[in-house]
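Chain by chain, the residues run as shown.
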Amino acid sequence: MRKSAIAASIMALAMALAGCGATSGDAGGQNAGSGQLSWSSSSERQLREALERRAVHGLDHVTFAADGASQAGEALTQEALRYARALALGATSPEELFEIYTIPRPRPDLLQGLIRALSDGHLDNWLEGLAPQSEAYRRLSKAYMELEAKKASPSPRIPLKDDPLEPGDSDPRIPAIARQLAASDYLDNPASAGNRYTPDMVRAVKRMQADYGIKPDGIIGKDALEILNLSDADRARALAVAMERLRWLERNPPATRIDVNTAAGRLTYWRDGKAVDTRKAVVGEPGKETPQLGSPIYRLVANPTWTVPRSIQEKEFADKGSNYLQTHNMAWQDGWIVQQSGPENSLGLVKFDMKNDHAIYLHDTPAKSLFQQVQRQRSHGCVRVQDALGFAELLARDEGVLDQWRKARARGDEAFVSLPREIPVRLLYQTVLFDAKGDPVVRADPYGWDDRVAVALGFGSAKSHLLRNATGDIGP
């Protein structure tokens, strides 16, 4: 969605919220009969100071000034509500930026909050409390402000030179290249390289080149360096987008839930407010992206069959004959291709059934080697879970249905085990992670989804380096 359209929608909401007759009134505050709001000089000053500090939220490229207000109080009300909305819900609308976005959102009553804040004289505290209060948000904000402070003397980009770097070369650029390879999960020990292009680095570069469709020769030329070369401005832009994505999310998500970060291919299982399990996940490839969904798991399916979706059937099976179907334990049933249960089934040995209109779910896979990939955007849109059987056992034990699950597994054919309560799942997209020290690390933007958010926040567009999938995998 264009920036102007997003700005218009923000303005429309602010004006609608302010349309209760909010005007400057007497010193007594809100007039309950007319809905008027009274702006004191102190409250106006607090609003101005809050807007001047908006860089701590990565919102310094966004303008919140009111348009078309006929009175000073009305203009202040519109401005305050616009900024409050940006902090509480995001300055952009994910439902407008993306075709699919169903992750639960905050639902604050901003007008009533503003009324109370003006009445008690603490507008600044109210505004600041609308933003996420998590440690992750604070770290993103701190890192963003540190980059803002360096604007006058930014860290230099890795210089481009005419001669590419070849294995065994010594070059002062090597430490910076090694750090970014490590940040992207391609290299384990960046400090060991020194200034020499070591065999470990060569292997890491070859993996990265293969992932992005570059000839995997280990030679660092212009194309490879572009992927690794992040400026301070690039990092600031990614941090601002990461903060915006956190503002989209409800502040108190379910204490027991499953979060999948599709940008990083990682799953986290939260139980009673604590992260008790993390594992790798394989998600949709570019062009078949896993959508940003909020959708619960309601049952476990042991030894699942797989009914091949029409989209895969028409594209992937157009040239497949009866021998292929027979070899892969598939057959036509009522106009659909169905793969029978078994260890080679494309869903593996367990499916985690979810409630949504997009046929998206978690499941096992026989293609275990994909979990060893750094960029794990390799599926047709569903989420493949590392050691899915172990994960199913964990969920079944925690939900008190372990005996039923083991009996279903032992049957050998498809069987269903309902969970006594649904487990919420959030399919998120976050390109900034945190290292062992808690510092934010900018990773790849495999779907190129950050760009539309950044542009809507007032940043310039940037080139995305998309994964080139060459697996030929037919699974969902």
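What this report covers is the structure whose coordinates are included nearby. Treat the numbers as computed from the prediction; the structure is a model and nothing was measured.

What follows covers the environment of V350. Looking at the element boundaries, V350 is found in strand 8 (residues 350–354). Assessed through its relative accessible area of 0%, V350 is described here as buried. For the pair V350 and Q112, spaced 238 residues apart in sequence, the C-alpha to C-alpha distance is 48 Å. With residues up to four places along the chain from it excluded, the contact list for V350 reads V301, P304, H363, D364, A388, L389, A392 and W405.

Bringing the packing of helix 8 (residues 174–183) against helix 9 (residues 199–211) into the picture now. For the pair helix 8 and helix 9, interaxial distance at closest approach is 11 Å and the crossing angle is 55°. In terms of their interaxial angle, helix 8 and helix 9 are classed as oblique. For helix 8 against helix 9, the interelement crossing comes out left-handed. Together, I174, I177, A178 and L181 of helix 8 and M201, A204, V205 and M208 of helix 9 make up the contact between the two elements. Class assignment of the residues belonging to the contact of helix 8 with helix 9 gives a composition of eight nonpolar, no polar and no charged.

Pairing geometry for strand 1 (residues 257–261) and strand 2 (residues 266–271), over five bridges, is antiparallel. Bridging from a neighbouring strand, V260 pairs with L267 of strand 2. Taking the residues that link successive antiparallel strands as the turn, the strand 1-strand 2 hairpin has four residues, and the phi of G265 there is positive, at about 65°. Here six bridges tie strand 2 to strand 3 (residues 274–284), and the two strands are oriented antiparallel to one another. Bridge assignment links T268 to a residue of strand 3, and that residue is T278.

Let us look at the sheet that holds strand 5 (residues 306–307). Read from one edge of the open sheet, three strands run 5-7-6, paired in antiparallel fashion. Edge positions in the open sheet fall to strand 5 and strand 6 (330–333), since each of these has one partner strand only. Across four bridges, strand 6 lies against strand 7 (residues 336–339) in antiparallel orientation. Bridged to Q333 within strand 7 is W336.

Counting buried positions along helix 8 gives seven out of ten residues, so the element sits mostly inside the fold. When we look at burial in helix 8, the residues that qualify are I174, I177, A178, Q180, L181, A182 and A183. Packing partners of the buried residues in helix 8 comprise helix 9, helix 10 (222–228), helix 11 (232–247) and strand 15 (440–442). Among the residues trailing helix 8, D185 stands out with phi positive, at a value near 75°.

This part takes up the side chain of H380. For H380, the location among the structural elements is in the loop between strand 10 (377–379) and strand 11 (383–385). Overall, the relative accessible area of 17% leaves H380 in the buried class.

Before going further, it helps to examine the pattern of salt bridges. Throughout the structure, instances matching the rule amount to 33 salt bridges. The residue R203 makes a salt bridge to D200 at a minimum N-O spacing of 2.2 Å. Taken together, the residues span about one helical turn, with R203 and D200 both in helix 9 at a distance of three residues. On the accessibility criterion, D200 (43% relative accessible area) is partly exposed. Salt bridges linked by common partners bring E135, R138 and R139 together as one network.

Here the focus is unusual backbone geometry. In the Ramachandran plot, D272 falls in the positive-phi region, its phi being about 55° despite a non-glycine side chain. Along the chain, D272 turns up in the loop between strand 2 and strand 3. Residue D272 is classed as exposed on the basis of its relative accessible area, which comes to 57%. With a phi close to 60°, N329 is a non-glycine residue in the positive phi region. Here N329 is to be found in the loop between helix 13 (322–327) and strand 6. Take N329: its relative accessible area is 39%, and that puts it in the partly exposed class.

Counting residues in each nonpolar core, the largest one holds 104 residues, and the members touching the most others are L127, I258 and F352. Here the element with the most residues in this core is helix 3 (residues 72–89); it accounts for nine residues. With near-sequence residues (within four places) excluded, L127 lies in contact with L47, A50, A80, Y83, A84 and L87. Judged by nonpolar contacts, the second largest core, of 23 residues, contains I177, V202, I214 and A224.

Reading the values: rules and limits
- Residue positions within a chain follow its written sequence, with the count starting from 1.
- The predicted origin of the model limits local features to residues at a pLDDT of at least 70 and limits the giving and counting of side-chain atom pairs to 80 or more, whereas totals for whole chains, interfaces and linings rest on all residues.
- Note that the side-chain values use all heavy atoms of the structure and ignore hydrogens as well as water.
- Each helix corresponds to a stretch of at least 4 residues labelled H or I by DSSP, and each strand to a stretch of at least 2 residues labelled E; elements are numbered beginning at the N terminus.
- Partly exposed residues are those whose accessible area sits between 20% and 50% of the maximum for their type, while under 20% is buried and over 50% is exposed, using a 1.4 Å probe and protein chains only.
- Between two residues, a contact is recorded if the distance between any of their heavy atoms is within 4.5 Å.
- Only the contacting stretch of a helix is used when fitting its axis, a line to C-alpha atoms as for every element, and angles between N-to-C directions run 0 to 180 degrees.
- Any angle that falls under 35 degrees is termed roughly parallel, while one over 145 is termed roughly antiparallel, one within 65 to 115 roughly perpendicular, and all others oblique.
- Throughout, a crossing is termed right-handed when the near helix is turned clockwise from the far one, and left-handed when it is turned anticlockwise from it by less than a right angle.
- Only Asp, Glu, Lys and Arg are considered charged in this grouping, and only Ala, Val, Leu, Ile, Met, Phe, Trp, Tyr, Cys and Pro are considered nonpolar; every other residue, Gly among them, is considered polar.
- Should DSSP find at least two bridges between two strands, the strands are regarded as paired.
- For salt bridges, the criterion is a side-chain nitrogen of Lys or Arg within 4 Å of an Asp or Glu carboxyl oxygen.
- Side-chain atoms within 4.5 Å are what join buried Ala, Val, Leu, Ile, Met, Phe, Trp, Tyr and Cys residues into a set we call a nonpolar core.

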